Amino acid sequence: MKLRIRTVWAVALLGAAGVLFADAPSFSGFLDTRVTTSAGAGDSPQFSIGLEEYANLRMQFKIRDSAVFYSAFNLIAVSGANLQNAADLSLYNGALYPGLTGTAFMSGENYAAALELERLYFRVNSDYADFDAGLMRLAFGYSMVFGPSDFLNPKNPLAPDARLRGILGAAVSVYPNDEAKFLAFAAGPKNPLAAGGGGSLGGLSWDQHWENLSLQALYAYETPQAGSDWGIHRAGLSLKTDVEAGLVADALYTYNPEAAPGIEGLSAAAGLDYSFAEGKLYVLAEYLYSGEKSATARSVQNPGGFAEQNYLYASMRYSFNDYTNGGLACIFGFDDVSFTPVLSLEHDIFQGLTLSLSAQVPLDRDSFTGNGQRGELGPIPPGQTTGAERGTYFTFITKLRLRY
């Protein structure tokens, strides 16, 4: 009897889903198989190897013609050095937000695995406005590398293919015409344990597009919390133009009323990109100024930020044919004379399956002279507070990506 009732309920739910969802669900994603080998510096092992299996699964439901539901999950299985890095990050997050579980990984016989929710939101749309709410990505600015205006989820030039985390919030987009977009958004505090709402965000942005020029203006306010009794203001401006070369400029100013205004609140980037040889050779360069109290500066809330002020990123990529391309990139820190070259090679084995090889070599003045003048982008970054000074002289990554 119970089995019959459950069957009836299942059929009813399937029937309701068929009425509610106009189209069949859409699935997509990719599977990465990654092997990382490193030559350790400082207190790190002289040689380490890490294995990782990483899947990103995306699902989309259309609800009639008026709404869409989105979700994305990450499935991860790791071992070796990759697991050690994940454990270090989990311990850091656990210390930053006491009361939350330090790690989400469950150990197996020779691996540890985790399931991570990446996106979970919906969109209600019309001809002139959209409404989004949930765990989603809110991106700002036109910067190609450093992303000063993209303060909710800062980019990492040394991991350009990393999936950026989302924020829990809501946004309303209004389209006065085909060339303009007005956005109002709100997001919860960065500290998920902030039950009083301190650190919540709200803001506005305006995008305007012309034939060869795009402009975005941004303002955001962060409500008061510890260290900012009057809240924090952020104002940004981003430009891009497509003429012979693509040019971008992106700046965000962070102002805390409790501190005197100054250039240390400014994060600004300017860059260009251009294609040569009928599109086979692509070059990109972008400069960043990162003030000590800016959105791109290193802090407790932004451990992946920059410790110094002046940086340059340059890269070139050459397509040997339709299936193979190679690249050389480098990020350079002017203040401490440190830099990390990155050499990469990518080959499409067949449509949907890509093999990627990349090598990173952190260098600084100490690498050449042994004078102890270490740099942020060198083998052993200074200023580590864990008690052990860990770093790498060389990292090689082999990745096989299957798209579906």
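Look a little higher up for the structure.
These notes cover the structure that comes with them.

Once that is clear, we can look at the overall build of the chain. Looking only at helices and strands, one finds three helices and 19 strands in the chain. Residue burial in the chain is summarised as follows: out of 404 residues, 37% are buried. When contacts within the chain are restricted to residue pairs at least 6 apart in sequence, long-range pairs at least 24 apart make up 52% of them. Accessible area of the chain: about 22,600 Å², with a carbon and sulfur share of 62%.

What is expected of a backbone is that most residues other than glycine have negative phi and most peptide bonds are trans. Although it is not a glycine, Arg64 adopts a positive phi angle of roughly 55°. You can see Arg64 is positioned in the loop between strand E2 (48-63) and strand E3 (67-80). Positive phi is not limited to glycine here, since Ala277 has a value of about 50°. Tracing the backbone through its elements, the reader meets Ala277 in the loop between strand E13 (266-276) and strand E14 (281-290).

Let us look at the pairing of strand E6 (residues 129-136). Of all the eight residues making up E6, six are buried; the element is thus mostly covered by neighbouring parts of the structure. What sits between the antiparallel neighbours strand E5 (residues 112-125) and E6 is a turn of three residues. Of the strand pairs in this sheet, E6 and strand E7 (residues 167-174) are connected by eight bridges, and their pairing is antiparallel. Among the inter-strand pairings, Phe131 is bridged to a residue of E7, identified as Val172.

This brings us to the pattern of salt bridges. Pairs can form between side chains of opposite charge whenever their charged atoms are close. In the structure shown here, the tally under the stated rule is seven salt bridges. Of the charged contacts, one joins Arg34 and Glu52 as a salt bridge, the two residues approaching to 3.9 Å between their closest N and O atoms. Taken together, the residues span a long stretch of sequence, with Arg34 in strand E1 (residues 26-42) and Glu52 in strand E2 at a distance of 18 residues. Pair check on accessibility: Arg34 and Glu52 agree, each one buried.

Judged by nonpolar contacts, the single largest core of 18 residues is most densely connected at Leu138, Phe140, Phe151, Leu152 and Phe185. Listed by contribution, the elements that provide at least two residues to this core are E3, E7, strand E8 (180-187) and strand E10 (213-222). Once residues lying within four places of it in the same chain are set aside, the contact partners of Leu152 are Leu138, Phe140, Ile167 and Leu201. Among the nonpolar cores identified, the runner-up in size contains 12 residues, and Val145, Phe146, Tyr311 and Leu377 belong to it.

Looking at the element boundaries, Asp322 is found in the loop between strand E15 (310-319) and strand E16 (324-333). Residues Asp322 and Asp348, spaced 26 residues apart in sequence, show a C-alpha to C-alpha distance of 8.5 Å.

Before going further, it helps to spend a moment on the pairing of E3. Where E2 meets E3, 14 bridges bridge the pair, whose relative direction is antiparallel. Bridged to Glu52 within E3 is Val78. Hairpin connection of E2 to E3: three residues between the antiparallel strands, including Arg64 at a positive phi of 55°. Alignment of E3 against E5, held across 12 bridges, turns out to be antiparallel. Directly across from Leu75, in E5, lies its bridge partner Leu115.

Moving on, we get to a nonpolar patch on the surface. Residues Leu57, Phe73, Leu75, Leu115, Leu117, Leu120, Leu402 and Tyr404 make up a contiguous nonpolar surface patch of roughly 670 Å² in combined accessible area. Looking at the nonpolar patch, the elements that each hand over two or more residues are E3 and E5. Among the elements that line the nonpolar patch, the one with the most residues is E5, at three residues. Position of Leu115 among the secondary structure elements: in strand E5. For Leu115, a relative accessible area of 57% translates into the label exposed.

Conventions used here
- Residues numbered from 1 in each chain as written.
- Predicted model: local features only at pLDDT ≥ 70, side-chain atom pairs only at ≥ 80, totals over all residues.
- Heavy atoms only, no water.
- Helix = DSSP H or I, 4+ residues; strand = E, 2+ residues; numbered from the N terminus.
- Buried < 20%, exposed > 50% of the residue type's maximum accessible area, 1.4 Å probe, protein only.
- Contact = heavy atoms within 4.5 Å.
- Areas by Shrake-Rupley, 256 points an atom, 1.4 Å probe, with all protein chains shown as cover.
- Pairing = 2+ DSSP bridges.
- Salt bridge = Lys/Arg side-chain N within 4 Å of Asp/Glu carboxyl O.
- Core = buried A, V, L, I, M, F, W, Y, C linked by side-chain atoms within 4.5 Å.
- Patch = residues over 30% accessible without salt bridge, like charges linked within 9 Å, V, L, I, M, F, W, Y side chains within 5 Å.

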